[in-house]
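Residues per chain, in single letters:
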Amino acid sequence: MRWGRKLAAALCGLALAGAAGAEESTNGDTVSIEVTILEVSDQPGEADPRCERFDKILRGQIPYESLAVLDSHRREVALNEVWTLQLPTARTLQLRPLEVSSQGTLLSLDVEESVQGDFRVHRGQPLVVGGPRYGEGRLVVVVDTE
Amino acid sequence: MIDRRRTLEAYRDGELSWLGRWRVQRWLRRDPAAQRQLDALDALGELLNDVDAEGPAPDLWPAIRLRLAAADVTSEARAPALFWRRGAGYLAAGAVAASAAALALMLAGEEPLPSAGSPGAVRWLDSRGHPMMVLRDDSAATIIWVPEQAS
């Protein structure tokens, strides 16, 4: 009986240690997130080589004549950490990686007073949110994870 | 002019008596303008029939289907985390996932819904009442368009 109790206690200890270790490794994970802020406009503009990739994504999806990169940010964000950015429209963008797995990164996005959602994104699979008027055109936010 | 049109519409819709139809037919034989007006009404009627036959706008159903799938997959994706963090919830998550799947099957008919393994990224989405379009959601990119006005 004593051995049974000791064995049970040892197993419980191992299980708790394993769970704590798993939790610790999860908290230690970070996700590299890049946020690119673009302006699409009906007015013709100079070709920006930085926009080539975004042009391939957006062309045919929304009408525009020119595309310009306004700003770009990159950060390592820990799981469940909230990264808050100020958008040119004076609203905030909040990003929070929730989970990383072989199926990609589960990312929570919240644009102040606008769209919010959870997205399972992969490397090279950008998340694009756009629409609000800005300047002569409209603002587009591209979120990439690695 | 309005009376002419109403008479022709009534004739086209079969609302006139035998005598009324005879009078309109005689009028049509004598008045080419009236015949042209009747032809125009016929063309308009056919156009409206075609529009009605097309049913609801084609982009509505994918958006609805996307939301159903998102509800399903969100419960699936979050259930394990909730279990480990809060020590409860597999049964609740399973019930939610089963309910969402049942609802999705009821509404989807024979067309299969995107599953958790679908290449799209959207798992849950809310635009806080603003008009919103998911222009694209595939393995290459996800594009969400919220054409709101800047404040």
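The structure we're discussing is the one just above.
Comments concerning the overall build of chain A
Piece 1. For chain A, the count of helices and strands is two helices and eight strands.
Piece 2. The order of helices and strands in chain A, counted from the N terminus, is α-β-α-β-β-β-β-β-β-β.
Piece 3. Per-residue burial over chain A gives 30% buried out of 146 residues.
Piece 4. Here the analysis covers contacts within chain A between residues at least 6 apart in sequence; of these, 45% occur between residues at least 24 apart.

A closer look at the environment of aspartate 144 of chain A
Residues and elements named next belong to chain A.
Piece 1. For aspartate 144, the location among the structural elements is in strand β8 (residues 137–145).
Piece 2. Separated by 21 residues in the primary sequence, aspartate 144 and arginine 123 place their C-alpha atoms 7.0 Å from one another.
Piece 3. Discounting chain neighbours no more than four positions away, the residues touching aspartate 144 are Glu34 and Pro126.

Section: the sheet that holds strand β6 (residues 116–121) of chain A
Piece 1. Spatially, the five strands line up as an open sheet ordered β3(A)-β4(A)-β5(A)-β6(A)-β1(B), and their pairing is antiparallel. Lying at the two open borders of the sheet, with one neighbouring strand each, are β3 (83–86) of chain A together with β1 (122–126) of chain B. Going across the sheet, the axis of each strand differs from the next one's by a mean of 20°, ignoring polarity.
Piece 2. In terms of strand pairing, strand β4 (residues 92–101) of chain A meets strand β5 (residues 104–111) of chain A through eight bridges, oriented antiparallel. Bridge assignment links glutamine 94 of chain A to a residue of β5 of chain A, and that residue is aspartate 110 of chain A.

Things to note about the sheet that holds strand β1 (residues 30–41) of chain A
Piece 1. Within the open sheet, the six strands sit side by side as β2(A)-β1(A)-β8(A)-β7(A)-β3(B)-β2(B). Their pairing is mixed. Of all strands in the sheet, those bounded by a partner on one side alone are β2 (66–78) of chain A together with β2 (133–137) of chain B. Sheet twist, expressed as the average angle between the axes of neighbouring strands with direction ignored, equals 20°.
Piece 2. For strand β7 (residues 127–134) of chain A and β8 of chain A, the ladder comprises six bridges, and the chain directions are antiparallel. Each bridged residue has a counterpart across the sheet, and for valine 128 of chain A the counterpart in β8 of chain A is valine 142 of chain A.

Looking at helix α2 (residues 18–30) of chain B
Piece 1. Look at α2 of chain B: 19 Å from first C-alpha to last across 13 residues, which is about the 18 Å you get at 1.5 Å a residue.
Piece 2. The element α2 of chain B is barely covered by neighbouring structure, given that only zero of its 13 residues are classed as buried.

Overview of the interface of chain A and chain B
Piece 1. Residue-level contacts link 25 residues of chain A with 27 residues of chain B.
Piece 2. Examining the composition of the side of chain A that touches chain B, we find that eight residues originate from one element, β7 of chain A, more than from any other.
Piece 3. By residue class, the composition of the side of chain A that touches chain B is twelve nonpolar, eight polar and five charged.

A few points about the environment of leucine 127 of chain A
All names here are of chain A.
Piece 1. With respect to the secondary-structure elements, leucine 127 resides in strand β7.
Piece 2. Overall, leucine 127 belongs to the buried group, with 25 C-beta atoms counted inside 10 Å.
Piece 3. Residues leucine 127 and valine 141, spaced 14 residues apart in sequence, show a C-alpha to C-alpha distance of 8.1 Å.

Considerations on the pairing of strand β3 (residues 142–145) of chain B
Piece 1. The side-chain alternation of β3 of chain B yields two buried faces, one formed by Thr142 and Ile144 of chain B and the other by Ile143 and Trp145 of chain B.
Piece 2. Looking at chain direction, β7 of chain A and β3 of chain B are connected through four bridges and run parallel. Along β3 of chain B, the bridge assignment pairs glycine 130 of chain A with tryptophan 145 of chain B.
Piece 3. Note that β2 of chain B and β3 of chain B share four bridges and pair antiparallel. Bridge pairing links arginine 136 of chain B to isoleucine 143 of chain B in β3 of chain B.
Piece 4. Counted along the chain from β2 of chain B to the antiparallel partner β3 of chain B, the turn is four residues long.

Let's talk about unusual backbone geometry
Piece 1. Phi angles above zero are rare outside glycine, and asparagine 80 of chain A is one such case at about 70°.
Piece 2. You can see asparagine 80 of chain A is positioned in the loop between β2 and β3.
Piece 3. Phi at arginine 128 of chain B is positive, roughly 55°, even though this residue is not glycine.

Looking at the nonpolar core
One broad rule of soluble globular proteins: the nonpolar side chains tend to lie buried together.
Piece 1. Core analysis: the largest hydrophobic core is formed by 34 residues, its most contacted members being Val128 and Val129 of chain A together with Ile144 of chain B.
Piece 2. If one sorts the elements of this core by residue count, β1 of chain A sits on top with five residues.
Piece 3. Those residues in contact with valine 128 of chain A that sit more than four places away from it in its chain are Ile57, Val140 and Val142 of chain A together with Ala141, Thr142, Ile143 and Ile144 of chain B.

About the thresholds
- Residues numbered from 1 in each chain as written.
- Chains lettered and ligands numbered in written order.
- Predicted model: local features only at pLDDT ≥ 70, side-chain atom pairs only at ≥ 80, totals over all residues.
- Helix = DSSP H or I, 4+ residues; strand = E, 2+ residues; numbered from the N terminus.
- Buried ≥ 20, exposed ≤ 12 C-beta atoms within 10 Å, placed from the backbone.
- Contact = placed C-beta atoms within 7 Å.
- Pairing = 2+ DSSP bridges.
- Axes fitted to C-alpha atoms, helices over the stretch in contact; angles between N-to-C directions.
- Expected span 1.5 Å × (residues − 1).
- Nonpolar A, V, L, I, M, F, W, Y, C, P; charged D, E, K, R; others polar.
- Core = buried A, V, L, I, M, F, W, Y, C linked by C-beta atoms within 7 Å.

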